[in-house]
Amino acid sequence: VFCGGCVWDAPLRQCSPVTCAVFDPAVFQSSGGINAGVNMHNASMSRFDSLGGMVFPAAMTVDCAHGYRSQLTTRLNVTAEATCAGNMSLTATCGAGCGVVADSRCAILRCDTVDNASTTVAGAIHGDSATVSCKPGYRAAASPPATPATPTTCGMDATFEAVCDDCGADTGGLGCMPIACDLAPIAAQPRVALLPGVASVLLGENVTIVCAAGFRPFSDNVSMPGSYAALCGTACVLELPTQEAVCRPIRSIEKLVVPDNAHIQNRSNPTAARYIYFGDVVSLSCDPGFATANSSCETLWEAYVTEDGVLVRGEETCVAFTCPPYTYDPNTAAVAPNTSVPYLGTVAVSCLPNHRVSSLFEASLRQPAAYTARCDSPRACDYSSSPTCKPLECVCPPVDAATLTVAVGVKYGEDSLASCRPGYRVGPGPHTCDANTPKAFTATCVNDGCAFSLNAKVCEAVKCDLAPTRAQAAVATVTPSSDFVLFGASADVTCIPGFRPLSQEQSAPSVLRTTCNASCMLAAATPVCRPMLSEERYAAPAHAAITTLNGDGPDASNVEGDDASACDGAVTLLADIRLVACRPRAAGSDACCCRVEIKHESAWGTVCGDSSDDSFHAGNAAVACRQAGRTAGPGVQNFGGGNGLPIWLDNLACTGDETTLGDCVHSDWGVHTCEHSEDAGVCCGDLPPPAAPSTSAPA
């Protein structure tokens, strides 16, 4: 420059501010190690506004890398240790020397010590690793603990690995934690209780163990305190006299003394005096014949200890007992003596009538009627069990007497049905066969002999009135001269001349002895006396027919006409059935039909064809033909012609398989609602065909 015109003149030149070069973070690197993975220069330009052209004296902010802090320095090559208290950034300016300058550098950090560790990571620079050893009484554990209930125990490791990282050691979540005693084994023992909320206790600290009521720590003495202060020792266990059976049951203050006439049931040496422990129960029993004095008729009791050590029921006494008057058997007639009975005394017991001594529900006549009860039951004031009086087991057998039957035998005290036999009714009699006259009554099984009582009832014979027979026109006399005869008794009927009893044969006797049957009828059919037939059969002349037969005989079987003689071979006379009055089934028919008559109680009678049906049905006809020794054929409902005979059967319902008509279902013998016009007939299959009509002249 030069002076010209009183001014300094420098053509084309002037003094301008210098411009600094591009920022180089290396300028701010402190001496010392550089951790791998950290920016090489331990600083960054993240807050530098321009990469170049910074004009003097402009400034910028420089951020230190992780693990580094801003540290003041006086010269470029001299640094001090950084601390976590240092700034994480520094200010740099564009200096006169055309370079970026600052009075601080980013210095690497050094770690502090780990709490409660005997070895330290202090002085280790960022990124270095070290083994940490915990002080005595501490172990490597989660810091803080995972749960308060998880104690740090002696079995855990005492060392762990740590890495110096920025402002502290990276311990992986571990730390040196104080060891504690695990209280679970003690708390799990019976009758042990800890202070509420205490799960563990640290080394050197105390915990209070509390025993349940009736228990004491390490003692059975009730006077000892119920709690115990235990120290957590270096072995991680509570310092106790013993680790087992911490809380023990107290014993009774006084000994149990077994009284006279008694013994202990659930102990050996059952009479020795002894202490009893809380929770224990001793069962005692009076000897036979004795009971406790404080409770009526008690033989068993229990002694036990309260939580205060008091012995309950430890001073009972046993005294001799008596049994009350004997009232245990409701079936007794007498008890002697009927007063209290001393132990081993007896009473004599007599049974009620119709009772015997038995251990079963019922008794028999072979068993005694009295027994002895003894006052010696294991239960105090009671009699030993013994058989008692029970009702007789006897069964009254069925009765089969002349006038009645009892079909079903029953036990003593039960009823059965007594039925009068046919021909008898419930007395007094004599009776008719009126439907309202009872045939049965109730009989009761009574008495030691197991016999039926008829309850003052009798069965008496029915009677047959003789007046209807005397009133018949052809009857001359009926003897005896009384108005009736009883069932089973006989009467003699004498016919007037020209008549015979129940016969038309001249050779028949003129006197008939007939019996009174169960239906209140004489066994003889009505009418008893019948006109005799001619010795020879009357034959109608040629070209003539008989249209009327005078008289009231039972049939026209002795008269030829209408070709009736053609069926003579069809007549069947057997002991219990006969086929009579046979005639062709129809004009020109080859079959013969006959009236069916059966014998009952020595008298012949007819069978009702039952007008409610269209015919004497096939089942009935089949049985009738079989009984007569013939093959089956159709029946005839209204064959008729049995006038004067009793109608024995009505409402007949044969299946066809029966042997006789009497085996079929029917209304009962002699019970009917029919007329003789409904007398049944049959046309059995093997009856002979009609013969040729007779043409002979009458004799």
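Residues numbered from 1 in each chain as written. Predicted model: local features only at pLDDT ≥ 70, side-chain atom pairs only at ≥ 80, totals over all residues. Heavy atoms only, no water.

**Q** Tell me about the packing of aromatic side chains, residues and numbers included.
**A** What the rule picks out here adds up to eight aromatic pairs. Ring geometry for phenylalanine 218 and tyrosine 228: centres 5.2 Å apart, planes at 75°, overall edge-to-face. Of the two residues, phenylalanine 218 is situated in the loop between strand E20 (215-217) and strand E21 (227-232) and tyrosine 228 in strand E21; the sequence distance between them amounts to 10 residues. Given a relative accessible area of 28%, tyrosine 228 falls into the partly exposed group. (Phe/Tyr/Trp six-rings, centres within 6.5 Å; stacked < 30°, edge-to-face > 60°. Helix = DSSP H or I, 4+ residues; strand = E, 2+ residues; numbered from the N terminus. Buried < 20%, exposed > 50% of the residue type's maximum accessible area, 1.4 Å probe, protein only.)

**Q** Got a sec to walk through the nonpolar core? Specific residues and values, please.
**A** Of all hydrophobic cores here, the largest spans 26 residues; its most connected members are Val596, Ile598, Val607, Leu652, Leu661 and Val682. Contributions of two or more residues to this core are made by strand E54 (577-584), strand E55 (592-600), strand E56 (603-607), helix H3 (618-627) and strand E58 (647-649). When residues no more than four places from it in sequence are discounted, the contact partners of isoleucine 598 are Asp576, Ile577, Ala603, Trp604, Gly605, Val607, Trp648, Leu649, Leu661 and Trp669. (Core = buried A, V, L, I, M, F, W, Y, C linked by side-chain atoms within 4.5 Å. Contact = heavy atoms within 4.5 Å.)

**Q** So, the confidence of the model for the chain: which residues are in play, and what are the values?
**A** When pLDDT is averaged along the chain, the result is 79; 80% of the residues meet or exceed 70. Confidence over residues 29-42 falls short of pLDDT 50; this stretch has 30 contacts with residues more than four positions distant or in other chains. Under a pLDDT of 50 for its full length, residues 545-562 has, in the predicted model, 28 contacts with residues more than four places off or in other chains. (pLDDT = per-residue confidence, 0-100.)

**Q** Describe in detail the pairing of strand E8 (residues 89-94), supporting the description with residues and values.
**A** Going residue by residue along E8, you find Leu90, Ala92 and Cys94 tucked away on one face and Ser89, Thr91 and Thr93 left uncovered on the opposite face. Across five bridges, strand E6 (residues 59-64) lies against E8 in antiparallel orientation. Directly across from methionine 60, in E8, lies its bridge partner alanine 92. (Pairing = 2+ DSSP bridges.)

**Q** Summarise the environment of alanine 373; cite the residues concerned and give the values.
**A** Inspection of the secondary structure assignment puts alanine 373 in strand E35 (residues 370-374). Along the backbone, alanine 373 and valine 347 are 26 residues apart, and their C-alpha atoms lie at a distance of 5.3 Å. In this structure, alanine 373 is in contact with Tyr326, Gly345, Thr346, Val347 and Tyr383, ignoring residues within four places of it in sequence.

**Q** Would you mind going over the sheet that holds strand E19 (residues 206-211) in detail, with residue names and values included?
**A** By way of backbone hydrogen bonds, the strands of a sheet pair with one another, either parallel or antiparallel. Ordered by their spatial adjacency, four strands build an open sheet running E17-E19-E21-E22, and the pairing between neighbours is antiparallel. Each end of this open sheet is capped by a strand with a single partner; those strands are strand E17 (192-194) and strand E22 (238-239). Pairing between E17 and E19: three bridges, direction antiparallel. Bridge pairing in E19 links leucine 194 to isoleucine 209.

**Q** Any details on the state of the cysteines? Residues and values, ideally.
**A** This model, assessed by the stated rule, comprises 18 disulfides. Linked covalently through their sulfurs, cysteine 181 and cysteine 232 form a disulfide whose S-S length is 2.0 Å. Handedness here is read from the sign of the S-S torsion; for cysteine 181 and cysteine 232, about 95°, the answer is right-handed. Of the two residues, cysteine 181 is situated in strand E16 (residues 180-182) and cysteine 232 in strand E21; the sequence distance between them amounts to 51 residues. There is no split in this pair, since cysteine 181 and cysteine 232 are both buried. Each disulfide pairs two cysteine sulfurs, and for cysteine 323 the partner residue is cysteine 375, the sulfurs being separated by 2.0 Å. Measuring handedness by torsion sign, the sulfur bridge of cysteine 323 and cysteine 375 sits at about 85° and is right-handed. In this pair, cysteine 323 sits in strand E30 (residues 322-323) while cysteine 375 sits in the loop between E35 and strand E36 (388-391), placing the two residues 52 residues apart along the sequence. (Disulfide = S-S within 2.5 Å.)

**Q** Residues and numbers for the layout of surface pockets, please.
**A** A volume near 430 Å³ is recorded for the second largest pocket. In terms of lining residues, the second largest pocket is bounded by 20 residues, among which Arg425, Lys439, Ala518, Ser519 and Asp668 are the most central. (1 Å grid on protein atoms, 1.4 Å probe; cavity = no way out; pocket = protein on both sides within 12 Å on 5 of 7 lines; lining within 4 Å. Points joined across faces, edges and corners; volume = space filled by probe spheres on them.)

**Q** Run through the side chain of threonine 437, naming residues and quoting values.
**A** Its location among the elements puts threonine 437 in the loop between strand E42 (424-426) and strand E43 (440-446). Residue threonine 437 is classed as buried on the basis of its relative accessible area of 13%. Apart from residues lying up to four places away in sequence, threonine 437 is in contact with Arg425, His431 and Thr432.

**Q** Please give an account of the sheet that holds strand E31 (residues 332-336) that cites residues and values.
**A** Pairing within the open sheet is antiparallel, and its three strands lie in the order E31-E33-E35. Each of the sheet's edge strands pairs with one partner strand only, and the pair in question is E31 and E35. The mean inter-strand angle of the sheet, taken between neighbouring strand axes irrespective of direction, is 25°. In terms of strand pairing, strand E33 (residues 346-351) meets E35 through five bridges, oriented antiparallel. Bridge pairing links alanine 348 to threonine 372 in E35. (Axes fitted to C-alpha atoms, helices over the stretch in contact; angles between N-to-C directions.)

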